[in-house]
Amino acid sequence: MKNNRKVKVLLIGAAFAGDLHMTGYDRCRDIAEVVAICDKDQSKIEALANAYGLEDYAAYTDYKEAVKEVDCDVVDICLPNFLHHEVAVAALQAGHHVIIEKPLATKLEYGEHILEEAKKAGKRVYYAEDWIFAPALMRAKELIDEGSIGDVMYIRARECHSGSHSPFAQTIEYCGGGSFIHLGTHPLAYVLALKENRWTELVAMTSGGGESNMIHKTMEGEDWAACILKFEDGTAALVEANYVTVGGMEDIIDFYGTEGRIQVDLTMSSPVKCFSIPGVSYSVEKAEITTGWSRPAVDEKYNLGYVSEIRHFMECILEDKDAMVGLRGIDGLEALRVMNLAYESAREGKKIVNDRL
Ligand SMILES: NC(=O)c1ccc[n+]([C@@H]2O[C@H](COP(=O)([O-])OP(=O)(O)OC[C@H]3O[C@@H](n4cnc5c(N)ncnc54)[C@H](O)[C@@H]3O)[C@@H](O)[C@H]2O)c1
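Residues numbered from 1 in each chain as written. Predicted model: local features only at pLDDT ≥ 70, side-chain atom pairs only at ≥ 80, totals over all residues. Heavy atoms only, no water.

Draft legend 1. Representation of the pairing of strand β5 (residues 97-101). Of all five residues that make up β5, five are buried, and the element is covered over most of its length. The side-chain alternation of β5 yields two buried faces, one formed by His97, Ile99 and Glu101 and the other by Val98 and Ile100. As judged from the four bridges shared by strand β4 (residues 74-77) and β5, these two strands associate in the parallel manner. Across the sheet, the residue bridging to Val74 is His97, located in β5. The β-α-β motif built from β4, the intervening helix α4 (residues 81-93) and the parallel element β5 has right-handed crossover chirality. Strand direction decides the pairing type here: β5 and strand β6 (residues 125-128), joined by four bridges, are parallel. If you follow Glu101 over to β6, its bridge partner there is Ala128. (Buried < 20%, exposed > 50% of the residue type's maximum accessible area, 1.4 Å probe, protein only. Helix = DSSP H or I, 4+ residues; strand = E, 2+ residues; numbered from the N terminus. Pairing = 2+ DSSP bridges. Right-handed = clockwise from strand over helix to strand, strands pointing away.)

Draft legend 2. Structural view of the site of the ligand. Surveying the vicinity of the ligand reveals 22 residues, the closest of which are Asp39, Asn81, His84, Lys102 and Tyr306. Leu79 places a main-chain nitrogen or oxygen 3.1 Å from an oxygen atom of the ligand. Within the side chain of Asp130, an N or O atom sits 3.1 Å from a nitrogen atom of the ligand. Here the ligand, which alone exposes 850 Å², has 88% of that area covered by the protein. When the residues that make up the shell around the ligand are grouped by side-chain class, the tally is 10 nonpolar, six polar and six charged. Both domains that furnish three or more residues to the shell around the ligand are identified here as domain 1 (7-131 + 306-328) and domain 2 (135-299 + 337-353). (Near = heavy atom within 4 Å. Polar contact = N/O pair within 3.5 Å; in protein donor to acceptor, adjacent residues only side chain to side chain. Areas by Shrake-Rupley, 256 points an atom, 1.4 Å probe, with all protein chains shown as cover. Nonpolar A, V, L, I, M, F, W, Y, C, P; charged D, E, K, R; others polar. Domains from an automatic or database assignment.)

Draft legend 3. Quick peek at the sheet that holds strand β11 (residues 250-257). In space, the seven strands of this open sheet follow the order β12-β11-β7-β10-β9-β8-β15, with mixed pairing throughout. Edge positions in the sheet fall to β12 (260-265) and β15 (352-353), since each of these pairs with one other strand and no more. By the bridge criterion, seven bridges tie strand β9 (residues 224-231) to strand β10 (residues 236-242) in an arrangement that is antiparallel. Each bridged residue has a counterpart across the sheet, and for Ala226 the counterpart in β10 is Glu240. Of the strands in this sheet, β7 (152-160), β8 (199-206), β9, β10 and β11 touch helix α8 (residues 179-194), which is tilted by about 160 degrees from β10. Strand contacts of helix α11 (residues 329-348): β8, β9 and β15, with the helix running at about 55 degrees to β8, the strand carrying the most contacts. (Contact = heavy atoms within 4.5 Å. Axes fitted to C-alpha atoms, helices over the stretch in contact; angles between N-to-C directions.)

Encoded structure:
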């Protein structure tokens, strides 16, 4: 690493995802420094900075000013989906690398435009898919690679909960879709990364959105979606995402091999088991109640991969290199392309063949 230099970060968006990333920066102060935070709501900037004991930083409420004025290496975009495109383009044109939360953008052409602007500017796009660095999934991968379950034939991966807290998740214009783009992006990008994007065909089905939804009738996007993919090596995968799952966020990944199977439960498998009559302050994301038996998460942001993901990006920037497979701009773009094709498959009831292999 060069001269003990620290990566200078401008963080834009100081709410939920901003906090996830701040935990990452807080734990890699040896190589990174958040020099500025931008959010249109000044009180959120202050709350985030206070929560992490940040004193020496600049605060901005206008992202256009921030990307022009802040002397930084990378702009980390933790904004609602519909803003990823315009803010990434502004940051790249101002000469910064960008980290972009999922999904890369709300529309495929916006995602393509982000990558074009990065190429023009000679800057990199880092795609923040935290599952790649979830320690339990990394351990599962080690077990698979050592041959402990034979050849993996089938992967079933899902992220489901009872509905997004964000008002921006309610319309297609702001979100890009429904539960599939908002939640399904994790299991989808994860299986695509495992197979280096070499998918051959897919079929998908969704609840359709609005009145056709199972529960969320006022939500424009779908509240249930499933997509089956086949890969070049013959592996099949079922990716599922829905907003009809009560009881806390469900992130379960199953690997079926010729000589065994592995199940990873990212959210409900805490080693802590608690029975509480008054309830605990927090057990797991989206849990409606915490009384009775619960499994309070332990170091959730580390175990879901956010901490190691941020360190990886900082190391890549210092070494002037692209992120690993699954975390590059092109991986974010491929995930977005596949999501769009899955929506097309569901809408038109047809199988889609990958014409880019
Ligand atoms: N990787 C994950 O697990 C994960 C989890 C949650 C959210 N996300 C992603 O992170 C992104 C942000 O999600 P969130 O839940 O934090 O969103 P949010 O809607 O809760 O908050 C976004 C923040 O952006 C600010 N903002 C909105 N418009 C702005 C503007 N024009 N200029 C400056 N600030 C503005 C808001 O004030 C708010 O503080 C989304 O793309 C979401 O998909 C990822």
